[in-house]
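Topology and contacts: notes
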Amino acid sequence: MINQRFVLAAVLIVAALLAPLFVYPVFLMTALCFALFACAFNLLLGYAGLMSFGHAMFFGMGGYFFGYVVKTMDFPPEVGLVAGVGGAALLGLVTGALAIRRQGIYFAMITLAFAQMVYFICVQAPFTGGEDGLQGIPRRPLLGGLIPITNDLALYYVVLVIFLFGFAAIYRVIHSPFGQVLKAIRDNEQRAVSLGYEADRYKLLAFVLSASLAGLAGATKALVLQFATLTDVSAGMSGEVVLMALVGGLGTIFGPVIGAFAIVAMQNYLASFGEFVLVIQGAIFVVIVMAFRKGLVGEIGDWWRARRKARAS
Amino acid sequence: MHDVLLAVEGLEAWYGESHILHGVGFEIGRGELVTLLGRNGAGKTTTLRSIMGIVGRRKGSVRFDGKETVGQPSNAIARLGIAYCPEERGIFSSLNVEENLMLPPAVKPGGMGIDDIYGLFPNLKERRRSQGTKLSGGEQQMLAIGRILRTGADLLLLDEPTEGLAPVIVQRIGEIIRQLKQRGFTILLVEQNFHFAATVADRHYVMEDGRVVDMIAAADVAQSIDKLQTYLGV
Amino acid sequence: MLDIFSIPLPALFGQLLLGLINGAFYAMLSLGLAVIFGMLNVINFTHGAQYMLGAFAAWLLLTNLAIPFWASLVLAPLIVGLFGVVIERLMLKRIYHLDHLYGFLLTFGLALVIEGLFQWKWGSSGAPYPAPIPGGYNLGFMFMPAYRGFVVVAALVICLATWYGIERTRLGAYLRAATENPTLVRAFGINVPRLITLTYGLGVALAALAGVLAAPIQQVSALMGTNLVLVVFAVVVIGGMGSIMGSIVTGFGLGLIEGFTKVVYPPASNTVIFVVMAIVLMVKPAGLFGQAK
């Protein structure tokens, strides 16, 4: 089993290293950013049982912080990334501390409302560039000129490293004692509290972690595409990340990655349909909730297990 | 013997995965007052809920006035003329006393009038504008019984109406139950309190582990007292 | 005192009237959301889209069939309400046993589909709907367009009628009781599944009615309910969903606060409701009229 997993990981990493030879790197980089975003969202929902419907605020603000620090303040990109993560973490701390005061569906509504507030602020605030957003964020070399990233292929490997870093961080968190406590709180909060865990602190920490990684994803996306706009802080984006996690499979480790690639690919292919992309996304929501609540990874896993069982007997 | 109003045969019931009733069978004649006795967890409440159709899944046969009810939804079963007073009383906190009393719709002609019910429970009339759950435990129990008398139902399912009440109230409820029998109601009563049950019932069915294991007529209670004590573990 | 801020009175009252009108829509929409949530355990994300459908139905009835506003006030909620009934029967009914989250996601998806289709067919720029009551009154301190005055009064009447229906009628008693304990209400012989369908239909019709009222004030457009529903979520969090009167008071009150902010500090008018939400969460997390669960 361990061996199998190791082989799988090795195959995936080789595939990731070779992928830009076959697929347009900007597509891969965008998909990786969304994959990290979806994983960050899924950390909160799948392992802490908190559904944030406002995660775009962290993703979008990560991009704005990055853009402002790099474009307006002339700092190198690594500082921009740190600013994106730090800014999102701070925003997560404030909104999270308020949102965790309510549970369940109210939590979703509160995060959604805060995200809408952030959106309105971004529309008006001078540093976001309003309707135009921040355009033409320069791609300066990383680490004092050590890594030039004007070339898409070079940047791809940088983005891959960032993604793997984020993914590994989530994997570590889920399998740490902290992750175990989170799961205990998700399954039965009262019991966890009676065992002496301060549930609210754990939830808040999970929220801040998730916000930071979403910020990292947003900042990286701004690095890749060289702009940050209102789209990334909008309620639609908050819905999109939910869709990615849902399509892939809530609470599975690889589900959000697969979901993100599927949705980004779909958007690329359907770009010419304009408004119809929204209709299709909505329809996917409906179909998944009605019929495939486990998502791609969950349903395929079930099918695989059933097949193995059938073979064994 | 009088004509059978309720006939239960081979009744099985489940809550989720747990199988609670394993083939319950008994009969109640029209106008009879019958109790279900048994220890905690014997399946008495589940039997009432299964008759009413509000358990997870059920199987077997429950015929009311000759009509099969297994497979029907609970609202249809109630419309046949069965009324249910749950153990937890089920008084609605967002309704006042009178609204609680008027809530169950009439299912047949011939139910008691509201003044009749207030005559039986004068306290409720005094407090008819109070929030339902602000009443004392005894008053709530009377409200829970009172509200199913209006509907014209012939069969009343009463789940532990004396639970947790002061002796003087238990006595009052005993009087009311006897009066209801005199008015012609058929009553299936679940009781833990055997001494109370013995004062009102025509017959007793004893349940154990999800089955009816014995039947004792009121006249035979005195000579079966040892057997009963073993059944009930008192 | 207002002179200190050098705000001319007509401007102040003008904004307060606008705030009152917005508040009327918040109240009507949050009322529907609360009633639906009570019975269905679903936060109806489609509410904004159904509000838009109400406005669109009125506009289509007018432009295609020359059916006047006053008839649409009845017809449009009926049509959209029936559409809600279909949604409940076909979809929502099947997910009540699941976590609240799924109802939220399903209705979010439906909102995307509905709004996307209307945007695709009619674009996102709005169409005007002529005011059914022209003219207005000079009240001395301000000019009051007649239709706007009508909207405020009509919304109040609708809200109070809804309150009366729920708190004072037999059907309302069924509804309140079924919100508390549907199993027992059903065991009394009431067809609870039908009651649930009816509740959803009525809640949706209420949203559509708000949409019809809004049509002459705002442009009729596919996305007119998109941001509104998000604000209404905040209103619902602030008020708590436990009390009908609470929803009405919170809705109107927040509209007024928003209008007042527009006079005092315009840039904050978009966000003030969310700020109020943050403060309420700090002080009384269950909401102003909610009970902690």
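Residues numbered from 1 in each chain as written. Chains lettered and ligands numbered in written order. Predicted model: local features only at pLDDT ≥ 70, side-chain atom pairs only at ≥ 80, totals over all residues.

**Considering the overall build of chain B**
Assigned secondary structure in chain B consists of nine helices and ten strands. Radius of gyration (C-alpha) of chain B: 17 Å, near the 17 Å computed for a compact globule of 234 residues. For chain B, the C-alpha atoms occupy an extent of roughly 45 × 40 × 35 Å along the three principal directions. Taking all 234 residues of chain B together, the buried fraction comes to 45%. Here the analysis covers contacts within chain B between residues at least 6 apart in sequence; of these, 70% occur between residues at least 24 apart. (Helix = DSSP H or I, 4+ residues; strand = E, 2+ residues; numbered from the N terminus. Rg over C-alpha atoms; globule rule 2.2 N^0.38 Å. Buried ≥ 20, exposed ≤ 12 C-beta atoms within 10 Å, placed from the backbone. Contact = placed C-beta atoms within 7 Å.)

**Structural notes on the overall build of chain C**
Summing up its helical and strand segments, chain C has eleven helices and two strands in all. Helices and strands appear in chain C in the N-to-C order α-α-α-α-β-β-α-α-α-α-α-α-α. Against the 2.2 N^0.38 benchmark of 19 Å for 293 residues, chain C shows a C-alpha radius of gyration of 19 Å, consistent with a compact globule. For chain C, with 293 residues in total, the buried portion stands at 55%. Across chain C, contacts joining residues at least 24 apart in sequence account for 77% of those joining residues at least 6 apart.

**Brief notes about the interface of chain C and chain A**
The interface of chain C with chain A comprises 34 residues on the first partner and 33 residues on the second. In the side of chain C that touches chain A, the residues fall into 27 nonpolar, six polar and one charged. (Nonpolar A, V, L, I, M, F, W, Y, C, P; charged D, E, K, R; others polar.)

**Here's the deal with the interface of chain B and chain C**
Listed by partner, the interface residues are 18 residues for chain B and 14 residues for chain C. Counting residues per element, the side of chain B that touches chain C draws most heavily on helix α2 (residues 74-81) of chain B, which supplies four residues. Among the residues forming the side of chain B that touches chain C, the class breakdown is eleven nonpolar, five polar and two charged.

**Points about the environment of Val 107 of chain B**
Position of Val 107 of chain B relative to the elements: it lies in the loop between α3 (97-102) and α4 (114-120). As for Val 107 of chain B and Glu 9 of chain B, which are separated by 98 residues in sequence, their C-alpha atoms are 25 Å apart. Excluding its chain neighbours within four sequence positions, the residues that come into contact with Val 107 of chain B are Ala 78, Arg 79, Gly 81, Thr 151, Gly 152 and Ala 153 of chain B together with Gly 189 of chain C.

**Looking at the nonpolar core**
Among the nonpolar cores identified, the biggest contains 277 residues, and Leu 36 and Ala 113 of chain A together with Leu 157 of chain B are the most heavily contacted of them. When residues of this core are assigned to their parent elements, the largest contribution, 18 residues, is made by helix α2 (residues 25-48) of chain A. With sequence-adjacent residues up to four places away left out, Leu 157 of chain B is seen in contact with Leu 48, Ile 51, Met 52, Ile 82, Ala 83, Tyr 84, Cys 85 and Leu 188 of chain B. (Core = buried A, V, L, I, M, F, W, Y, C linked by C-beta atoms within 7 Å.)

**So, unusual backbone geometry**
All names here are of chain B. The residue Asp 65 is not glycine, and still its phi comes out positive at about 55°. Here Asp 65 shows up in the loop between β4 (57-64) and β5 (67-68). Judged by C-beta crowding, with 16 C-beta atoms within 10 Å, Asp 65 ranks as partly exposed. A positive phi angle is found at Arg 89, which is not glycine, with a value near 75°. Its place among the elements puts Arg 89 in the loop between β6 (82-85) and α3.

**So, α2 of chain B**
When α2 of chain B is considered as a whole, its buried residues turn out to be Ser 74, Asn 75, Ile 77, Ala 78 and Gly 81 of chain B. Angular distribution of buried residues about the axis of α2 of chain B spans 160°; they occupy a single face of the element. In this fold, the buried residues of α2 of chain B make contact with α1 (44-52), β6 and β7 (155-159) of chain B together with α7 (182-187) and α8 (192-214) of chain C. (Arc of directions from axis to C-beta.)

**Some thoughts on the sheet that holds strand β10 (residues 211-217) of chain B**
Residues and elements named next belong to chain B. One open sheet accounts for six strands, arranged β6-β7-β8-β3-β9-β10; its pairing is mixed. Among the strands making up the open sheet, the edge pair consists of β6 and β10. Here the strands of the sheet are splayed against their neighbours by 20° on average, with no regard to which way each runs. In this structure, strand β9 (residues 203-208) lies alongside β10, joined through six bridges in antiparallel fashion. Looking across to β10, one finds that His 204 is bridged to Ile 216. Packing of α1 onto the sheet brings it into contact with β3 (33-38), β6, β7, β8 (186-190) and β9, and relative to β7 it is tilted by some 145°. (Pairing = 2+ DSSP bridges. Axes fitted to C-alpha atoms, helices over the stretch in contact; angles between N-to-C directions.)

**Considerations on the sheet that holds β4 of chain B**
Residue and element names in this part refer to chain B. Ordered by their spatial adjacency, four strands build an open sheet running β2-β1-β4-β5, and the pairing between neighbours is antiparallel. Strands with a single pairing partner mark the edges of an open sheet, and in this sheet they are β2 (18-29) and β5. Pairing of β4 with β5, which is carried by two bridges, proceeds in the antiparallel orientation. Bridged to Arg 63 within β5 is Glu 68. Set on the sheet, α1 makes contact with β1 (4-15), β2 and β4; between it and β2 the angle comes to about 75°.

**A look at the arrangement of the chains**
For this structure, the chain pair with the highest number of contacts among two pairs of chains in contact is chains A and C. Chain B makes no contact with chain A, the minimum C-alpha separation between the two being 19 Å.

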